[in-house]
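Listed below, chain by chain, are the residues.
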Amino acid sequence: MSLVRKLKNIIEPTYKVIYHWCITLFYYLPIRKGKIVFIQGVGGGYRCNLKYIAQEIIRQGLPYDLVWLVQFMDTDIPAPIRKVKYNRIRAVYELATAHVFVNNSKSLYPVRKKQGQNFIYVPHGQPGCKCAEADANLPETWIKNSKQHSALTDIFVSMGTYHTQVLKDTFWVPAHAEIWETGFPRNDQYYHDTATHRSQLRQQLHIPEDTRIVLYAPTFRDNNTVEAYNLDLHRVLDTLQTKTGDKWMAFITLHPNFIWFKKPPYKFDERVWDMSQYEDIHELLLAVDVVISDYSSVSLDFANMRRPVFLYASDVDEYNKMRGLKPMYFQMPFPLCKTIDELESAIMSFDSTKYQQRLDTFSLIYGSVEDGHSAERFVKRLNNIVTQ
């Protein structure tokens, strides 16, 4: 055993003891008015709704102290946001003195909440697909932690009327909490000059101008299977080319939960690219022409641009038993395909006019408030908290 490893084995247990002491001791420190701490997952990167909330705060020039907790200090976070390493004593200090704490995961964090602090939960997924929290078949430990997280939360963010009802029914929203129907800030970009952003992004990715992109973005399975991902993407590309007469290539983005356990079950080449490590999938959507997903809410995010979505769910019956699917899933305006043959047929018979009509009908049921100004609505209400 190396000297470095020996020292680490000695220091780490002591550090953990001090770390937990600090959670208690720092509780007595005063709150720093205007300090906002963001946690993406458990110290993830600069993405999802939290990224676009921070961008709007910066755009408005508001005098907040912005802190982003990260697992890795080489994570690219723009100024003036301060990076602090997650699960370190410094992070405990930042959380203990935060005025507002914004997170998008149901994880429990190293902080004792005190009077004057505001905890805001911005879900990372839309509610139209798979069951979650009280509706889902989840381990008891997860349910226990989720209930504790909800009990501490002051504000839940919703993207519309249906989402609000789901939060009330299944997320253990406490009596003291508010639900803000602001919409998801990450989807604002789909309403503002997408052609320019799309062109810039495609140039950065070195995508030929005459090539269109289909994104395959499946979610994870609780049993970590790879069998449900048996999509022949080269056949999909050939079908799209036959349908449109254009050149096509495919992006694949696999859920982080899948990547942790399995290697991608695909052979990547010049036509099929692995984009799983791309930091912000919602930015990546700007460059995409068609999305194929299964139970991921990325399909609903992408539909804000009114571009085609297809659902490929070969294990839909098994998944419904294992995790649970909401009735709304089967009302979504996207073709649901259980086999590659069904997907090929759905692509070849796709009618854009009828698809646009289905989007309009679904919008009335789903009740989304998203219109390109979700971040503005959120920050306006956030400012009322900070300045009161």
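What counts as what
Residues numbered from 1 in each chain as written. Predicted model: local features only at pLDDT ≥ 70, side-chain atom pairs only at ≥ 80, totals over all residues. Heavy atoms only, no water. Helix = DSSP H or I, 4+ residues; strand = E, 2+ residues; numbered from the N terminus. Rg over C-alpha atoms; globule rule 2.2 N^0.38 Å. Buried < 20%, exposed > 50% of the residue type's maximum accessible area, 1.4 Å probe, protein only. Contact = heavy atoms within 4.5 Å. Areas by Shrake-Rupley, 256 points an atom, 1.4 Å probe, with all protein chains shown as cover. Lys, Arg positive; Asp, Glu negative; His and termini not counted. Charge placed at Lys NZ, Arg CZ, Asp CG, Glu CD. Polar contact = N/O pair within 3.5 Å; in protein donor to acceptor, adjacent residues only side chain to side chain. Pairing = 2+ DSSP bridges. Arc of directions from axis to C-beta. Core = buried A, V, L, I, M, F, W, Y, C linked by side-chain atoms within 4.5 Å. Axes fitted to C-alpha atoms, helices over the stretch in contact; angles between N-to-C directions.

Draft legend 1. Spotlight on the overall build of the protein. If you tally the helices and strands in the protein, you get 14 helices and 13 strands. In summary, the protein has a C-alpha radius of gyration of 22 Å against a globular reference of 21 Å for 388 residues, a match within 12%. Summarising its shape, the C-alpha atoms of the protein cover approximately 65 × 55 × 45 Å along the three principal directions. Counting all 388 residues of the protein, 53% fall into the buried class. Contacts spanning at least 24 positions in sequence make up 69% of the contacts within the protein whose residues lie at least 6 apart. Accessible surface, the protein as shown: approximately 18,200 Å² in total, 54% of it carbon and sulfur. In the protein, the 46 positive side-chain charges and the 42 negative ones have mean positions that sit 8 Å from each other.

Draft legend 2. Representation of the side chain of Arg221. Position of Arg221 relative to the elements: it lies in the loop between strand 8 (211-217) and helix 7 (233-244). Separated by 2.9 Å, the side chains of Arg221 and Asp315 make a polar contact. Apart from residues lying up to four places away in sequence, Arg221 is in contact with Ala228, Tyr229, Asp294, Tyr295, Asp315, Tyr319 and Met322.

Draft legend 3. Expanded view of the pairing of strand 8. Extensive coverage of strand 8 is indicated by the burial of six of its seven residues. Looking at chain direction, strand 8 and strand 9 (residues 247-252) are connected through six bridges and run parallel. Bridge assignment links Arg212 to a residue of strand 9, and that residue is Trp248. Sheet analysis places strand 8 next to strand 11 (residues 290-293), joined by four bridges and oriented parallel. The partner of Tyr216 across the bridge, within strand 11, is Ile292.

Draft legend 4. Molecular detail of helix 12 (residues 340-348). Listed as buried for helix 12 are Ile340, Leu343, Ala346 and Ile347. Buried positions in helix 12, seen along its axis, are confined to an arc of 120° and lie on one side of it. On the buried face of helix 12, the contacting elements are helix 7, strand 11, strand 12 (309-312) and strand 13 (336-337).

Draft legend 5. Structural view of the nonpolar core. By size, the foremost hydrophobic cluster in this structure holds 71 residues, and its most contacted members are Tyr216, Leu231, Phe251, Ile292, Tyr329, Phe334 and Leu343. Setting aside its immediate chain neighbours within four residues, Phe251 contacts Leu205, Ile207, Ile213, Val214, Leu215, Tyr216, Trp273, Met275, Leu284 and Val288. Leu50, Trp68, Val100 and Phe378 belong to the second-largest nonpolar core, a separate cluster that totals 25 residues.

Draft legend 6. A look at the sheet that holds strand 3 (residues 82-85). Taken together, the seven strands give an open sheet; going across it, the order is 3-2-1-4-5-6-7, and neighbouring strands pair in parallel fashion. Of all strands in the sheet, those bounded by a partner on one side alone are strand 3 and strand 7 (178-181). On average, each strand axis in the sheet is inclined to that of its neighbour by 25°, with strand direction left out of account. Here strand 6 (residues 155-158) runs beside strand 7; their pairing, made up of four bridges, is parallel. Its bridge partner lying in strand 7, Ser158 is registered against Glu181. Running at roughly 145° to strand 7, helix 14 (residues 374-387) makes contact with strand 1 (35-39), strand 4 (100-103), strand 5 (118-121), strand 6 and strand 7 of the sheet.

Draft legend 7. Expanded view of the sheet that holds strand 12. Read across the sheet, six strands follow the order 10-9-8-11-12-13 without closing on themselves; strand pairing throughout is parallel. Both edges of this open sheet fall to strand 10 (272-274) and strand 13, since each of them pairs with a single strand only. Here three bridges tie strand 11 to strand 12, and the two strands are oriented parallel to one another. Residue Ser293 lies in a different strand from strand 12, and its bridge partner there is Leu311. Sheet contacts for helix 7: strand 8, strand 9, strand 10 and strand 11; angle to strand 9, the most-contacted strand, approximately 145°. Together, strand 11, strand 12 and strand 13 form the strand contacts of helix 12, whose direction differs from that of strand 12 by roughly 165°.

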